[in-house]
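Each chain, letter by letter, is given below.
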Amino acid sequence: MAVFVPAHGIGGRQDLPIPFGLALTAAALAVTVSFVALAVLWHRPRYRSMQGRDVPAWLATTLSSAALRTVLRLGGLLAVGYVALAAFVGPDNARNPTAGAVYVLFWVGTLAIASALFGPVWRALNPLRTLHLGLARLLRLDPANGAFRLSDRVGCWPAALTLLAFLWLELAAPDRTSTVTLRVFLLGYGAVVLVGAIMFGSRWIDRADGFELYSTLLGRLSLLSRADDGRWVWRSPLASLSRTPAVAGLAGFVVVMLGSTAFDGFSNSPTWFAWAQDQDISFEVLSAGGLVVVIALMGLVYVAATTASGALGGGDVPLRRMPAQFAHSIVPIALGYVVAHYYSFLVLVGWQTLAYLSDPFGTGANLWGTAGWTPPAELVDPTLVSTIMVVAVVAGHVGGVLAAHDRAIELFPRRRAILGQVPLMVVMVGYTLVGLLLLFAT
């Protein structure tokens, strides 16, 4: 059976807390940027009106081609199938690549980093969409609508729940690196998405696949996006982010994104381990409870701040809709947390996983020539890693502040827009300071 390691599902680097001086400087920058945004930035909304600059014709043609879509779909099926073979046929030990492929290459490398750089890549690769399309044709159902109508009230709450389920697996489940555990979870996850898609059509995948929605939201931070008329354009990431539909459950989803990463950082701190060791409850139960508590606390603070912003700012949008209206502004902060917490983890364990993928069945093979790969030392230099941590958190904070500022002056009367932003800006500063504190203490 695979060895249990608390951090990040399969372990990570724990020897790189950021220097206190660097953390203090970053905190000062975060506070300064927030109040400069309130005082002197633009006074009319900009992002929704940005259409962007057309990409080169050859690139637009390639991105829109049916051939590329087919290649990506087949690539997604083959990649998942290869890892599934390792999970079902390979040995259940530390050298099986399944855990690294799921927790590192997929969760961090593909869903977070690749999506932020290139757009919502998992939607194009998602094998569940390909399987659903085949099943719908076999059953003679409309792939878009399925057998029943999905109410708009459902929103993306199912995706928030499926994402939370995966985060429980990664951060709190017992035997989380065991191939048996991973097989059971991923088969169950796939069944929930596919059965729902047969019933409600592809809209269910939009609203219930936490992996795809996670990739889609972070993909809105890519420079490459589509204009309102469908053209491929280069555009400010915040302009694309501002077009995120404020559907039901969106605020809950982004709070799960942010809160889970905050708990991940806290759960690797000496304070958490010292407290947990003194309890009579199992570490897994404590971790599961801690995950839920941290997400709930961050959610309550976020809802209170956005509601207070709406009350102070005025405008025509009902207060109960304020959390969804500002939810997109949390996405850059969540990405900053992810990069800060997982960068060295991605390099170290990701490289190791690429080596293990050459021998998926534990026979000593070297199918891809990667068996001897080790990460370049310069990529995990302590100074570089600490700098990336701080830059990621501060850049995420700046992006969130700018997105929230632009939305506030869009929603609120001009004379009350600045006052209306204060509660949310204070909370964003708090989120950033907590993130820096966790990085410093880990």
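Residues numbered from 1 in each chain as written. Predicted model: local features only at pLDDT ≥ 70, side-chain atom pairs only at ≥ 80, totals over all residues. Heavy atoms only, no water.

Chemist: Even after reading the chapter, I still don't get the packing of aromatic side chains, so can you show me in this structure?
Modeler: The description of an aromatic ring pair uses the distance of the two centres, along with the angle that the planes make with each other. Under the counting rule described, the total for this entry stands at 19 aromatic pairs. Note on Phe106 and Phe211: the rings are 5.0 Å apart at their centroids and 90 degrees apart in plane angle, and the pair reads as edge-to-face. One end of the pair, Phe106, is in helix α4 (residues 98-118); the other, Phe211, is in helix α10 (residues 210-219), and 105 residues separate them in sequence. Taking the relative accessible area as the measure of exposure, Phe106 reaches 15% and is therefore buried. Ring centres of Tyr189 and Phe211 lie 4.6 Å apart, and the angle between their planes is 25 degrees; on these two criteria the pair is classed as stacked. Linking Tyr189 in helix α8 (residues 179-200) with Phe211 in helix α10, this pair joins segments that are 22 residues apart in sequence. On the basis of relative accessible area, Tyr189 is assigned to the buried category, the value being 8%. (Phe/Tyr/Trp six-rings, centres within 6.5 Å; stacked < 30°, edge-to-face > 60°. Helix = DSSP H or I, 4+ residues; strand = E, 2+ residues; numbered from the N terminus. Buried < 20%, exposed > 50% of the residue type's maximum accessible area, 1.4 Å probe, protein only.)

Chemist: Explanation requested: α4 in the structure shown.
Modeler: Residues spaced three or four apart along an α-helix point in a common direction, a consequence of the helix completing one turn every 3.6 residues. Here α4 contains 21 residues, and its C-alpha end-to-end distance of 25 Å is more than 12% below the 30 Å for a straight helix at 1.5 Å per residue. The axis of α4 is deflected most strongly, by about 40 degrees, at Gly109. Within α4, 16 of the 21 residues are buried, which leaves the element mostly enclosed by the surrounding structure. Positive backbone phi, at 105 degrees, marks Gly119, one or two positions downstream of α4. (Expected span 1.5 Å × (residues − 1). Bend = angle between axes of the 7 residues up to and from the residue.)

Chemist: Got a minute to help me understand the pattern of salt bridges in this structure?
Modeler: Pairs can form between side chains of opposite charge once their charged atoms are near each other. Across all of its chains, the model carries 10 salt bridges by this definition. Put simply, Glu410 and Arg48 hold a salt bridge, and the shortest N to O gap is 2.7 Å. Linking Glu410 in helix α17 (residues 382-411) with Arg48 in the loop between α1 (20-40) and β1 (53-54), this pair joins segments that are 362 residues apart in sequence. Owing to a relative accessible area of 37%, Arg48 belongs among the partly exposed residues under this scheme. Measuring nitrogen to oxygen at the nearest pair gives 3.6 Å for the salt bridge that ties Glu410 to Arg407. Placement of the pair is Glu410 and Arg407 together in helix α17, with a separation of three residues, close to one helical turn. (Salt bridge = Lys/Arg side-chain N within 4 Å of Asp/Glu carboxyl O.)

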